Amino acid sequence: MIFKYEMEKADYRDFANGRVLHNAPKTTAFPVRLGKEIMSRCLAQLRNNKNLTLYDPCCGGAHLLTFIGFLYGEHIAAIYGSDIDEQVLEYAKRNLNLLTEEGLLARKEQLQRDYNLYHKESHLHALESVERLGRLNQTAAIQLQCFPFNIAGVTRPLINNVNIIMTDLPYGNIAYWKGSNDNPIHQMLQNIHPLLDINNSIVAIVCDKKQLVMHEGFKKIHAVNHGKRKITFLKPYT
Ligand SMILES: C[S@@+](CC[C@H](N)C(=O)[O-])C[C@H]1O[C@@H](n2cnc3c(N)ncnc32)[C@H](O)[C@@H]1O
């Protein structure tokens, strides 16, 4: 893929898993530059890009949602994350809570206590990152919600007017589809279609190149490959 928006490689250490953001065991961090490129492409597809609702139905530890929240807070009014794995959602909640002033302050205090106890350089670096993230954080008013949900099941989540769905699907060695039928992606698209703001929404699905991202209710805008990943952008038919 040729980066259209994130042309320059930048230093994304502030968003590293386990530094300020919590590292959920057995989960993967999402590459920040790629996440930004996907978000920029999504914003370019929307008619209006203020007060947006963002949803990740396979959010894992919410690494992706959290850095997007920090970096695009001025566009976002609500962030929803769900996952079938209730244990991983505990980390997602803690990560999304960093987007609040109190959550980030609590993390800073914890890192300061750790530094006072152990004098580790890693805690000092994390404290520097907290300061920078605090300056980015214009997102205190964002509505944040995490909930357990099987997105490949037969029911749909009770949320609506979603503008951006951005999700990194299970593929590969760490994350597998769970609780799914034969065609989990089709079922997921079936479930998310009614949640969307039909006039102002875009869906970005990241998966491996083998998985077919297709549903009769959606038009494919474009798809790009990036390393082992494929990113497919879809819009619902009105
Ligand atoms: C690649 S990980 C997502 C990582 C996430 N993007 C992050 O930034 O932390 C895929 C996630 O899909 C979840 N998953 C698997 N089957 C699911 C299902 N049927 N419904 C919802 N989530 C599911 C897994 O539990 C895993 O957390």
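Parameters at a glance
- Residues numbered from 1 in each chain as written.
- Predicted model: local features only at pLDDT ≥ 70, side-chain atom pairs only at ≥ 80, totals over all residues.
- Heavy atoms only, no water.
- Buried < 20%, exposed > 50% of the residue type's maximum accessible area, 1.4 Å probe, protein only.
- Helix = DSSP H or I, 4+ residues; strand = E, 2+ residues; numbered from the N terminus.
- Contact = heavy atoms within 4.5 Å.
- Core = buried A, V, L, I, M, F, W, Y, C linked by side-chain atoms within 4.5 Å.
- Salt bridge = Lys/Arg side-chain N within 4 Å of Asp/Glu carboxyl O.
- Near = heavy atom within 4 Å.
- Polar contact = N/O pair within 3.5 Å; in protein donor to acceptor, adjacent residues only side chain to side chain.
- Areas by Shrake-Rupley, 256 points an atom, 1.4 Å probe, with all protein chains shown as cover.
- Nonpolar A, V, L, I, M, F, W, Y, C, P; charged D, E, K, R; others polar.
- Axes fitted to C-alpha atoms, helices over the stretch in contact; angles between N-to-C directions.
- Parallel < 35°, antiparallel > 145°, perpendicular 65-115°, else oblique.
- Left-handed = near helix turned anticlockwise from the far one by under 90°.
- Pairing = 2+ DSSP bridges.
- Lys, Arg positive; Asp, Glu negative; His and termini not counted.

S.K.: I'd love a proper account of helix α6 (residues 184-192), names of residues and values included.
M.R.: Since there are 3.6 residues in each turn of an α-helix, residues three or four apart along the chain are aligned in direction. Most of α6 is tucked away: 7 of the 9 residues are buried. Every buried residue of α6 is accounted for by P184, I185, Q187, M188, L189, N191 and I192. Considering only its buried residues, α6 is in contact with β1 (52-56), β4 (164-168), β5 (202-208), β6 (218-226) and β7 (229-236).

S.K.: So what about the nonpolar core? Which residues, and what values?
M.R.: Among the nonpolar cores identified, the biggest contains 46 residues, and I38, I68, I164 and M166 are the most heavily contacted of them. It is helix α1 (residues 32-45) that provides the largest number of residues to this core, a total of 6 residues. Residue contacts for M166: discarding those within four places in its chain leaves G35, I38, M39, L54, Y55, D56, L64, I68 and A204. Counting residues in hydrophobic clusters, the runner-up holds 23 residues, among them F147, M188, L189 and C207.

S.K.: For the pattern of salt bridges, give the residues involved together with the corresponding values.
M.R.: Side chains that carry opposite charge are capable of pairing whenever their charged atoms lie near each other. Taken as a whole and judged by the stated rule, the model has 7 salt bridges. E6 is the salt-bridge partner of K36, the closest N and O atoms lying 3.3 Å from each other. Pair noted here: K36 is in helix α1 and E6 is in the segment before α1, with a separation of 30 residues, a long-range link. Accessibility assignment for this pair places K36 and E6 in one class, buried.

S.K.: Talk me through the site of the ligand; I want residue IDs and the actual numbers.
M.R.: Taken together, 23 residues sit near the ligand, with L64, D83, N150, I151 and K178 positioned nearest. In the environment of the ligand, an oxygen atom lies 2.9 Å from a nitrogen or oxygen atom belonging to the backbone of L64. I84 places a main-chain nitrogen or oxygen 3.3 Å from a nitrogen atom of the ligand. Within the complex, 97% of the 610 Å² of free accessible area of the ligand lies under protein. Along the lines of polarity and charge, the residues of the shell around the ligand split into 14 nonpolar, 5 polar and 4 charged.

S.K.: Any chance you could break down the packing of helix α4 (residues 101-118) against helix α5 (residues 121-136) for me, citing the residues and the numbers?
M.R.: Each pair of packed helices gets described by two things: the angle between the helix axes and the distance between those axes. Where α4 meets α5, the closest approach of the two axes is 9 Å, and the angle between their N-to-C directions is 160°. With respect to α5, the element α4 is oriented roughly antiparallel. For α4 against α5, the interelement crossing comes out left-handed. Within the contact between the two elements, α4 uses L104, K108, L111, Q112, D114, Y115 and Y118 and α5 uses H123, L124, A126, L127, V130, E131, L133 and G134. Considered class by class, the residues forming the contact of α4 with α5 number 9 nonpolar, 3 polar and 3 charged.

S.K.: So what's going on with the sheet that holds β4? Which residues, and what values?
M.R.: Whether parallel or antiparallel, the strands of a sheet pair through hydrogen bonds between backbone atoms. The strand order β3-β2-β1-β4-β5-β7-β6 describes an open sheet built from 7 strands, whose pairing is mixed. Each edge of the open sheet carries a strand with a single partner, namely β3 (143-148) and β6. For this sheet the average axis-to-axis angle between neighbouring strands, irrespective of direction, equals 15°. Where β6 and β7 come together, 8 bridges link them in antiparallel fashion. Directly across from H226, in β7, lies its bridge partner R229. Across the face of the sheet, α1 comes into contact with β1, β2 (76-83), β4, β5, β6 and β7 while running at roughly 20° to β7. Here helix α3 (residues 86-97) sits on the sheet in contact with β2 and β3, set at roughly 175° to β3.

S.K.: Got a sec to walk through the side chain of D56? Specific residues and values, please.
M.R.: Checked against the element boundaries, D56 lands in strand β1. The buried charged residue D56 lacks any salt bridge, with R229 as its nearest oppositely charged partner at 12 Å. Side-chain polar atoms of D56 contact the backbone nitrogen of C58, separated by 2.9 Å. Side chain to side chain, D56 and T167 meet in a polar contact 2.6 Å long. Every residue in contact with D56, bar those within four places of it in the chain, is listed here: L64, L65, Y80, G81, S82, M166, T167 and D168.

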